[in-house]
Amino acid sequence: MITTDQTVQTFLDYFRERGHELTPGGSLIPAPDDPVLFTTSGMHPLTPYLMGRAHPLGRRLTGLQRCLRTTDLDEIGDDTHLTVFEMLGSWSLGDYGGPQSLRWGLQLLREGFGIDPGRIHGTVFAGDGGVEPDYETWRMWDELGVPVEPTTDENWWSNGPTGLCGPDSEIFVWTGNDTPQGTPTTDDRWVEVWNHVTMRYVRHPDGSLEPMRRCCIDTGLGVERLVRILQNAESVFEIDVLEPWRTTLPRIWTTLERRSLRLVTDHLRSSIVVLGAGVTPSPSGRGHILRRLIRRTLTTLWRDDPTRTLSDLPIELIEHTLAHFRQTVRSQDVRTILLDEERKFSVLLQRGRKVLCHHRFTGPLTEDDYHYLHDTHGLPRDLVVYLRSGDRGARP
């Protein structure tokens, strides 16, 4: 069975053999002038070069990037989503085009990783009235013998309301146990593993699109999603790199149901990586994201057993996570911050119980009530809901 490390090396070797130089990978924390709190994709550190600046390593690049996304927090616990993950990428800075990128990508999946061609499906941009369909990519999929589904919004990539954008083509792999059926938009057993973006435009504040002088290709492949498929695992939580979490947490917190175990695994692991990047809990910015992850973890743990504590967490899990993400922060320092944040949250819980005893909050809560409780007393919605549903989650 191929391991996560072997998967990463196979990808990087494949593209280096095709003239791509290895980039070092950026920090989880973007540059000071970047408005984004965390690095969210492999292309994020390369944005200036995708915009036209010459890269010192040349026009063909490949690399591995650690990423964090909080847009999918409500999805955590399913089979495919993680808050902190790793992204493999390949980039053409005005060198080759989208068809070549797809040809190489399909060859790597089929021959390098041994994925059955019958389990692969593509999607392509179908046009939206302002931009014509991506016929070039469409023809390439037909030439490669891969079924393709045209979509609109799902196959248009943008870096935000303004900036780089263009059509993308996604590669899906069938994860069901039976014969592949349906399409990526009609059956969620088709799992997206690799996105190939053709950056053709820059969108201006007025919404207009300006064609780029130099078209670039940006691809991003989710490591954990691909490894799940290669290891024939039920979910990303069952792959080798998460095995220490999967085997340890059920022993120390025995009554947590599966989705809660997955959430706790994801949020604790993500919190460790964020702490490993030098962030500490705070009321705003990156520290607020970290605090939210820790408190969501604690809320889940205390939902049915208020005696659970992060002091139960073996130091080995912290060490394993820091080592995997190549971080040098001391594991004991990470543990100390986690326990201090747990103590602070316990104090907040006690205060929340007192606040919610006020007659104003005896009936159903309005949105204004939730905003008031959060902005004035620092009580997040999840916490208020748990406290009002029988005072569960309050520490003794």
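Section: the packing of aromatic side chains
Thinking step 1. Scanning all chains against the criterion turns up ten aromatic pairs.
Thinking step 2. With a centroid separation of 5.2 Å and 50° between ring planes, the pair formed by Phe125 and Trp156 is classed as tilted. With Phe125 in strand S4 (residues 120–125) and Trp156 in strand S6 (residues 156–158), the pair connects residues that are 31 residues apart, well separated along the chain.
Thinking step 3. When its relative accessible area of 0% is taken as the criterion, Phe125 is described as buried.
Thinking step 4. Put simply, the rings of Phe11, Tyr14, Phe15 and Trp194 touch in pairs and so form one group of aromatic residues.
Thinking step 5. The cationic tip of Arg53 hangs over the ring face of Tyr49; the distance from NZ or CZ to the ring centre is 5.6 Å.
Thinking step 6. In this structure, Arg360 packs its charged tip against the face of Tyr372, placed 4.3 Å from the ring centre.

As for the state of the cysteines
The bond known as a disulfide is covalent and runs between the sulfur atoms of two cysteines.
Thinking step 1. Evaluated as defined, the whole model comprises zero disulfides.
Thinking step 2. No disulfide involves Cys67; its sulfur sits 19 Å from the nearest other cysteine sulfur, which is in Cys216.
Thinking step 3. The thiol of Cys165 is not disulfide-bonded; the next cysteine sulfur, from Cys215, is found 11 Å away.
Thinking step 4. On the basis of relative accessible area, Cys165 is assigned to the buried category, the value being 1%.

Structural notes on the packing of helix H1 (residues 4–16) against helix H3 (residues 98–112)
Thinking step 1. Interhelical geometry of H1 versus H3 gives an angle of 135° and a closest axis separation of 11 Å. Comparing the axis directions of H1 and H3 gives the class oblique. For H1 against H3, the interelement crossing comes out right-handed. Counting all contacts with H1, which are made through Thr10, Phe11, Tyr14 and Phe15, the residues of H3 involved are Trp104, Gln107, Leu108 and Gly112.

Topic: the confidence of the model for the protein
Thinking step 1. Of the residues in the protein, 98% reach a pLDDT of 70 or more, and the chain-wide mean stands at 93.
Thinking step 2. Scored below 50 in pLDDT, residues 391–396 shows 24 contacts in the model against residues more than four places distant or in partner chains.

Some points on the packing of helix H10 (residues 331–356) against helix H12 (residues 381–388)
Between two packed helices, what matters for the description is the angle formed by their axes and the separation of those axes.
Thinking step 1. Closest axis-to-axis distance for the H10/H12 pair is 10 Å, and the angle between their directions is 60°. Relative to H12, the element H10 is oriented oblique. Considering how the two elements wind past one another, H10 and H12 form a crossing that is right-handed. When H10 is examined against H12, the residues Phe345, Leu348, Leu349, Gly352, Arg353 and Leu356 are found in contact with a partner set consisting of Leu383, Val384, Leu387 and Arg388.
Thinking step 2. For the contact of H10 with H12, the residue count by class is seven nonpolar, one polar and two charged.

Details of H12
Thinking step 1. Those residues of H12 lying buried are Leu383, Val384, Tyr386 and Leu387. Projected down its long axis, H12 shows its buried positions confined to an angular sector of 165°, all on one face.
Thinking step 2. Buried residues along H12 sit in contact with helix H8 (285–302), H10 and helix H11 (367–377).

With respect to the pattern of salt bridges
Pairs can form between side chains of opposite charge whenever their charged atoms are close.
Thinking step 1. Applying the stated criterion across every chain yields a total of 19 salt bridges.
Thinking step 2. Arg326 is the salt-bridge partner of Glu86, the closest N and O atoms lying 3.3 Å from each other. Here Glu86 is found in strand S3 (residues 84–93), whereas its partner Arg326 is found in the loop between helix H9 (315–324) and H10, with 240 residues between them in sequence.
Thinking step 3. On the basis of relative accessible area, Glu86 is assigned to the buried category, the value being 2%.
Thinking step 4. Between Arg262 and Glu234 there is a salt bridge, with its nearest N and O atoms 3.9 Å apart.

With respect to the pairing of strand S9 (residues 209–222)
Thinking step 1. Sheet topology places S3 next to S9; seven bridges connect them, and they run antiparallel. What sits directly across from Leu88, in S9, is Leu221.
Thinking step 2. Bridge count between strand S8 (residues 190–203) and S9: nine bridges; the pairing is antiparallel. The residue of S9 that forms the bridge with Val197 is Asp218.

Concerning the environment of Arg326
Thinking step 1. Residue classification places Arg326 among the partly exposed positions, given a relative accessible area of 44%.
Thinking step 2. The sequence separation of Arg326 and Gly276 amounts to 50 residues, and the corresponding C-alpha distance is 9.1 Å.
Thinking step 3. For Arg326, the contacting residues outside a window of four places in its chain are Leu64, Arg66 and Glu86.

Digging into the pairing of strand S5 (residues 148–151)
Strand residues, when the strand is regular, have side chains that alternate between the two faces of the sheet.
Thinking step 1. One ladder, built from four bridges, connects S4 with S5; its direction is parallel. Paired with Thr123 across the strands is Glu149, a residue of S5.
Thinking step 2. In this view, the connection linking S4 to its parallel neighbour S5 by way of helix H4 (residues 135–144) has right-handed handedness.

Reading the values: rules and limits
Residues numbered from 1 in each chain as written. Predicted model: local features only at pLDDT ≥ 70, side-chain atom pairs only at ≥ 80, totals over all residues. Heavy atoms only, no water. Phe/Tyr/Trp six-rings, centres within 6.5 Å; stacked < 30°, edge-to-face > 60°. Helix = DSSP H or I, 4+ residues; strand = E, 2+ residues; numbered from the N terminus. Buried < 20%, exposed > 50% of the residue type's maximum accessible area, 1.4 Å probe, protein only. Lys NZ or Arg CZ within 6 Å of the ring centre and 35° of its normal. Disulfide = S-S within 2.5 Å. Axes fitted to C-alpha atoms, helices over the stretch in contact; angles between N-to-C directions. Parallel < 35°, antiparallel > 145°, perpendicular 65-115°, else oblique. Left-handed = near helix turned anticlockwise from the far one by under 90°. Contact = heavy atoms within 4.5 Å. pLDDT = per-residue confidence, 0-100. Nonpolar A, V, L, I, M, F, W, Y, C, P; charged D, E, K, R; others polar. Arc of directions from axis to C-beta. Salt bridge = Lys/Arg side-chain N within 4 Å of Asp/Glu carboxyl O. Pairing = 2+ DSSP bridges. Right-handed = clockwise from strand over helix to strand, strands pointing away.

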